[in-house]
Amino acid sequence: MSTITDLRRERKRRNRKRMLKTLIIIVLLIAAAVGSVFVYEKYLKNGEGIPGLQQNELELTSSESGSSKDGGISLVGGEPREIYSFDGSIGVLTDTEFTVYSASGKTTLSYQHGYNQPQVRIHGSYALLYDAGGRKVSVVTKNRIVQERELEQSIVYATVSKDGYLGLALEATSFGSQLSVYDTTQTEIFKWYTSDYQILSLDFHPDSKGAVVNCIGTTGGEKLSVLYTFQFDKQEPLARTEILGSLVLETDYSSGQVFAAADDKCLVMKSKGDVSGEYAYGDNSPILFAKSSGDYHGVVLQQYANNRKMNLIVLDNGCNQKASIPVSGVRDIYIDSDKIYVLSEILSCYDLSGNLLSQQAVDGSAHKITVVSGKVYLCTLSSLEQVQLTTVENSQS
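Residue indices follow the written sequence of each chain, beginning from 1 at its first position. Given that this is a predicted model, residues contribute local features only at a pLDDT of at least 70 and side-chain atom pairs are listed and counted only at 80 or more, while totals for whole chains, interfaces and linings are drawn from all residues. Computation of side-chain values: all heavy atoms of the structure, hydrogens and water removed.

### Re the sheet that holds strand E21 (residues 275-280)
The antiparallel open sheet is built from four strands, whose spatial order is E18-E19-E20-E21. Each end of this open sheet is capped by a strand with a single partner; those strands are strand E18 (248-252) and E21. The mean inter-strand angle of the sheet, taken between neighbouring strand axes irrespective of direction, is 15°. Relative to strand E19 (residues 258-262), E18 runs antiparallel, the two being bridged by four bridges. In the sheet register, Asp 252 faces E19, and the bridge partner there is Phe 259. What makes two strands pair is DSSP finding at least two bridges between them. Secondary structure counts use DSSP, requiring at least four H or I residues in a row for a helix and at least two E residues in a row for a strand, with both numbered from the N terminus. Every angle, taken between N-to-C directions, lies between 0 and 180 degrees, and every axis is a line fitted to C-alpha atoms, over only the stretch in contact when it is a helix.

In structure tokens, the structure reads:
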């Protein structure tokens, strides 16, 4: 009798694992079209270069035409994947390198990562690079390498806090997922396992003493997201919130409450698990999540019935709509404290009410944008450029 029971348990475990793998594939397909990076500042702001490192003396000049022939920095080291606002500098991730440039165009760090699937997370003065599905992770500042490590388990997701704490979601051998947190001395200060769910992402509390962990699973054959909030001096979670029928794709804990972006809605959750705000997509699907400084969040929604009709919805930290902007052909979006930048065939700037302020023609291969100290930077397939936008006549401010 015990043998039959054991077989049933093993069958249920395998079925749950198979369904989780299917959900992960679905999430990866959705996430391939969306992304967001939240950036902050802390210290080490004076580094203008590393002794012995050859400096790139090219100026990041304003390019009114957006043409890489007229100014900017020529990029090397593979195809650029993303650019970041990084501690008052600009970080560029390519297939083979992570390079940091000062505002004047000097190279302050050139790190050859050698990762198959490189990913970057930035908080404050720290950038974390990891190989998704691999075992290597590195932490750098804008002018030095802080640590490099190779893990025993494969990395599902990794991030770093503004104080340099390292958070890792790992594939566990005898469990579904493992969360490990390391302080700046590389000491493991917290560990947590789940055999019922798969950890998809995590994000640190602004004081680095806790985190929100985003898990996915199933119940009754229906998809399920589970958000846990932890404080690292306690083993048990502070809160556990189930979101049935949704797949949470990413979270932001920077304001001290959890902002979660899912495949069907955005929501705000307090540390103790109470949902205090929600914005449902209705008959729309998310196409792109905006990169943001953290005060505001943006999602591009596409109508199911008319896939040519898209709108950028801008939300505050309470999930209240601030603006709705019709868009098309969107390549990237950045939202700072008072402006919204939309990159398509042209670069457009709006205020937080959705009023158009300025526009500029750009290079046809421009596909990524970031904003550093109020200056706008574009990444083309071959160069990094600073762009000066032209004010639109009769624009409202």
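### Structural notes on unusual backbone geometry
The phi torsion at Ser 208 lies on the positive side, around 65°, for a residue other than glycine. Along the chain, Ser 208 turns up in the loop between strand E14 (198-204) and strand E15 (210-219).

### Brief notes about the environment of Glu 345
As for its placement among the helices and strands, Glu 345 is situated in the loop between strand E28 (339-343) and strand E29 (346-351). The spatial distance from the C-alpha of Glu 345 to the C-alpha of Gly 329 is 7.1 Å, given a sequence separation of 16 residues. It only takes one pair of heavy atoms within 4.5 Å for two residues to be counted as in contact. Residues in contact with Glu 345, not counting those within four places in the same chain, are Arg 331 and Val 362.

### Examining the confidence of the model for the protein chain
Confidence per residue, as judged by the predictor, is encoded in pLDDT with a range of 0 to 100. Mean pLDDT over the protein chain stands at 84; residues scoring 70 or higher make up 81%. The least confident element of the protein chain is helix H1 (residues 2-31), whose mean pLDDT is 50; the most confident is strand E7 (residues 126-131), at 98. Below a pLDDT of 50 lies the segment residues 7-12, which in the model reaches zero contacts outside its immediate sequence neighbourhood of four places, other chains included. Counting contacts from residues 28-70, a segment whose pLDDT is below 50, to residues more than four positions away or on other chains yields 130 contacts.

### A closer look at the sheet that holds strand E22 (residues 284-289)
With respect to topology, four strands assemble into an open sheet ordered E22-E24-E25-E26, the strand pairing being antiparallel. Because the sheet does not close on itself, it has two edges, and the strands there are E22 and strand E26 (321-327). Ignoring strand direction, the axes of neighbouring strands in this sheet form an average angle of 30°. Summarising the sheet, strand E25 (residues 310-316) and E26 pair through six bridges and their orientation is antiparallel. What sits directly across from Leu 312, in E26, is Ile 325.

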